[in-house]
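Commentary on secondary and tertiary structure
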Number of protein chains: 2
Amino acid sequence: MRLNLPTNRQLQYFIALEKHRHFGKAAEACFVSQPAFSVAIQELESLLNVQLVDRNKKQVTITAIGKAIATQARLALTDMEVIIDIARENQQPLSGHLSLGVIPTIAPFLLPELLPRLRKSFPKLDLFLHEDQTERVYELMMQGQLDVILIALPYRLRGVESLSLFRDNFHLACRKGSRLIDPENYVIDNLPEESVLLLEDGHCLRDHALSACKIRSLDKVSKITASSLLTLVQMVDADLGVTFIPEMALHSNLLKHTHIITRPLAKNSFREIGLVWRKGSRRTKEFKLLAGQIQPKGE
Amino acid sequence: MRLNLPTNRQLQYFIALEKHRHFGKAAEACFVSQPAFSVAIQELESLLNVQLVDRNKKQVTITAIGKAIATQARLALTDMEVIIDIARENQQPLSGHLSLGVIPTIAPFLLPELLPRLRKSFPKLDLFLHEDQTERVYELMMQGQLDVILIALPYRLRGVESLSLFRDNFHLACRKGSRLIDPENYVIDNLPEESVLLLEDGHCLRDHALSACKIRSLDKVSKITASSLLTLVQMVDADLGVTFIPEMALHSNLLKHTHIITRPLAKNSFREIGLVWRKGSRRTKEFKLLAGQIQPKGE
DNA sequence: AACTAGTGATAGCTATTTTCTATTATAAAC
DNA sequence: GTTTATAATAGAAAATAGCTATCACTAGTT
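For the structure given in this document, a descriptive report is provided here. This one's a predicted model, so the numbers in the text were calculated from it and none came from an experiment.

Time to look at the protein's contact with DNA strand D. Neighbouring residues of DNA strand D: 17 residues in total, closest Arg9 and Ser33 of chain A together with Ser38, Arg55 and Val60 of chain B. Sugar plus phosphate, as a fraction of atoms of DNA strand D within 4 Å of the protein: 73%. Within the backbone of Phe23 of chain B, an N or O atom sits 3.2 Å from a phosphate oxygen of DNA strand D. Between DNA strand D and the protein, one listed contact pairs a phosphate oxygen with a side-chain N or O atom of Gln42 of chain B at 3.2 Å. Listed by contribution, the elements that provide at least two residues to the surface near DNA strand D are helix 1 (8-20) and helix 3 (34-48) of chain A together with helix 2 (23-29) and helix 3 (34-48) of chain B. Take the surface near DNA strand D: its biggest share by element is four residues, from helix 3 of chain B. Across the surface near DNA strand D, the residue classes tally to seven nonpolar, six polar and four charged.

Dropping the structure here:
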């Protein structure tokens, strides 16, 4: 029989193990159970007839030969990926599978317009969407689960390249005739205590809004938070407070059937919408092309 | 999910297809059925979303992109093999799996002594033996089915390296008191017609013996042939003819309980025993070590 | 010493993937 | 117009990979 080669799976698992030095964690990173992972590592060891890891001590140690093999394994897997790249380069750009992460404060405002346009311009594109907060889509991207993410900047990210698409200005939003504020003539710092409503922690919009409105004291911020823009708007409509809404949301029907009015903030009160991908990704060209398709809404 | 890579299997199949330009033959070379093979190629095409082969015409043609991918695939598989090599280099030489091909006119005379010696010196060696004629073991070796072969030289081979181990002299063998020949004083060319018995075609011993005895005319050679040395000896014992026996066979019990006597031929009447492997094999060192273990019998 | 937490291995079962045999479809050759 | 050669398809069987639950071992703790 032909010489038995290690499988990609076994090598991927082993490389994960070398990185995490922990079976359980490496297994998790590979999205398999720990037993399945352990078995795969054992298979690899028995196939190569070599001990790759020391499990003697409390901690996992990769043997010397294990390290050498991990290095070569990375090479082999990279070669495999190059096969994919060659195949993809041969195709039209933006065709085939592409997984895009979008944060919840962008998705409902940009996607309804973007998706039909993409479908029309790139009919062979098989888009997979994942909506989650910045931290989560970033992690998924770095793990290779997502190809590219559409998020709001600034955001502290490492190992990425990004393209800034456009500014998204913040607007003050309050109920018409609010007892809290006169929208035509107000000073943030004169707002009553706890009258600024924001999204709950984890949403970058919370931080961006805070930074945009240049609030001095967190006392102005309500302890009550909303878990979605929709809820937030409902709270403002009930005059429980005021908030700051990104411009792209204004052109949606988020504020329809409410008594909320909005006023622009100062010109430098904005978040930036950006497309972000892993540094050195082989699909950079495609991402730039994709970026060109993403326009601020309603202009 | 993590980016799906092509499997080694798919790449191996595709490389075979690129070589044979024929689904059925490539499948056979991979030791799978044609449907399984076809399915694997289709899987690869669908995974890469690229057409690798043109099946339009009567003949299979690899597309341009297919050729590029085949090249990269060979790279990737070589990397995989290097993993195996690294693992093996780390082990003792002559340990783990080794498949050895031996021809039938050597195996019964050298192996009974060789195998116990190997088992003792290299207890971790897991030897797989295959006995067949030179042409066949050579083919199996070139296909990667066998690592190394033990055969008689000279033999026309391409793409191999070899190590000559020792000379194996031919001896005349005839029944004691044969009516055909006086073993103490004979001339080959005076032998009666069809009195030289040889193995059937395909056995290299037939050609080596013919060349060793320097026979002038094929008229001396019997039309009756034997398919094994044992049969040949029985025929000589029945005084149906004479033959030429390699020295290693004399020290076996092949001639026990027969009335056959043997006489050395001229000094330059010999075949050479050699160990042969694929050119550039990464296990060359081991093969040379193995060669050192193979001794002429009974000296 | 017994207990607990942490970690990797093992067992038994299920789901998925791969392969096989048999058959079909299609195009060229006689 | 049949025959031949070749690859694709269907459906069952076999092999592989995965999961949950559990065990076994080690190191600290009580």
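Let us keep going from here.
Right, let's get into the interface of chain A and chain B. Counting residues at the interface gives 35 residues for chain A and 34 residues for chain B. Summing both partners gives a buried area of about 3,400 Å² for chain A against chain B, and 66% of it is carried by carbon and sulfur. Summed over the shared surface of chain A and chain B, the result is zero salt bridges. If you list the elements that add at least two residues to the side of chain A that touches chain B, you get helix 1, helix 4 (64-90) and strand 3 (96-102) of chain A. Here the element with the most residues in the side of chain A that touches chain B is helix 4 of chain A; it accounts for 17 residues. Grouping the constituent residues of the side of chain A that touches chain B by class yields 20 nonpolar, 12 polar and three charged.

Let us look at the protein's contact with DNA strand C. Among the 18 residues in the neighbourhood of DNA strand C, the closest are listed as Ser38, Arg55 and Val60 of chain A together with Arg9 and Ser33 of chain B. Each atom of DNA strand C within 4 Å of the protein belongs either to a base or to sugar and phosphate, the latter forming 76%. The contact in question runs from a phosphate oxygen of DNA strand C to an N or O atom on the side chain of Ser38 of chain A, over 2.8 Å. Elements represented by at least two residues in the surface near DNA strand C include exactly helix 2 (23-29) and helix 3 of chain A together with helix 1 (8-20) and helix 3 of chain B. Among the elements that line the surface near DNA strand C, the one with the most residues is helix 3 of chain A, at four residues. A per-class count over the surface near DNA strand C returns eight nonpolar, six polar and four charged.

Within the structure shown, the criterion is met by 30 salt bridges over all chains. The partner of Arg283 of chain A in a salt bridge is Asp147 of chain A, and the shortest N-O contact between them spans 3.6 Å. Taken together, the positions of Arg283 of chain A in the loop between strand 11 (270-278) and helix 10 (284-293) and Asp147 of chain A in the loop between helix 6 (134-142) and strand 5 (148-153) put the pair 136 residues apart, joining distant regions of the chain. According to the relative accessible area criterion, Arg283 of chain A is buried, its value standing at 6%. Judged by relative accessible area, Asp147 of chain A falls into the buried class, the value being 13%. A salt bridge links Arg117 of chain B to Glu113 of chain B, with the nearest nitrogen and oxygen atoms 3.9 Å apart. You can see Arg117 of chain B and its partner Glu113 of chain B sitting in helix 5 (residues 107-121), four residues apart, about one turn around the helix. On the accessibility criterion, Glu113 of chain B (33% relative accessible area) is partly exposed. Each of Asp85, Arg88 and Arg282 of chain A takes part in one network of salt bridges that share partners.

Right, let's talk about the environment of Pro192 of chain B for a bit. Residue and element names in this part refer to chain B. Following the sequence through the fold, Pro192 ends up in the loop between strand 6 (160-175) and strand 7 (196-199). Looking at Pro192, the relative accessible area reads 33%, which means it is partly exposed. When the C-alpha positions of Pro192 and Ser222 are compared, they lie 9.9 Å apart, and in sequence the two are 30 residues distant. Pro192 has contacts with Leu180 and Lys220, leaving out every residue within four places of it along the chain.

Moving on, we come to the relation of the copies chain A and chain B. One chain copy maps onto the other through a rotation about an axis and a shift parallel to that axis. Aligned on chain B, chain A shows an RMSD of 0.2 Å; the corresponding rotation is 180° and the shift along the axis is 0.1 Å. The symmetry that links the two subunits is that of a two-fold axis. Every residue of chain A has its C-alpha some distance from the rotation axis, and the shortest such distance is that of Ala76 of chain A, at 2.7 Å. A high fraction, 97%, of the interface residues of chain A reappear at the interface in chain B, so the copies pair face to face through one surface.

Cut-offs used in this document
- Residues numbered from 1 in each chain as written.
- Chains lettered and ligands numbered in written order.
- Predicted model: local features only at pLDDT ≥ 70, side-chain atom pairs only at ≥ 80, totals over all residues.
- Heavy atoms only, no water.
- Near = heavy atom within 4 Å.
- Polar contact = N/O pair within 3.5 Å; in protein donor to acceptor, adjacent residues only side chain to side chain.
- Helix = DSSP H or I, 4+ residues; strand = E, 2+ residues; numbered from the N terminus.
- Nonpolar A, V, L, I, M, F, W, Y, C, P; charged D, E, K, R; others polar.
- Contact = heavy atoms within 4.5 Å.
- Buried area = accessible area lost by both parts, 1.4 Å probe.
- Salt bridge = Lys/Arg side-chain N within 4 Å of Asp/Glu carboxyl O.
- Buried < 20%, exposed > 50% of the residue type's maximum accessible area, 1.4 Å probe, protein only.
- Least-squares fit on C-alpha atoms with pLDDT ≥ 70 in both.

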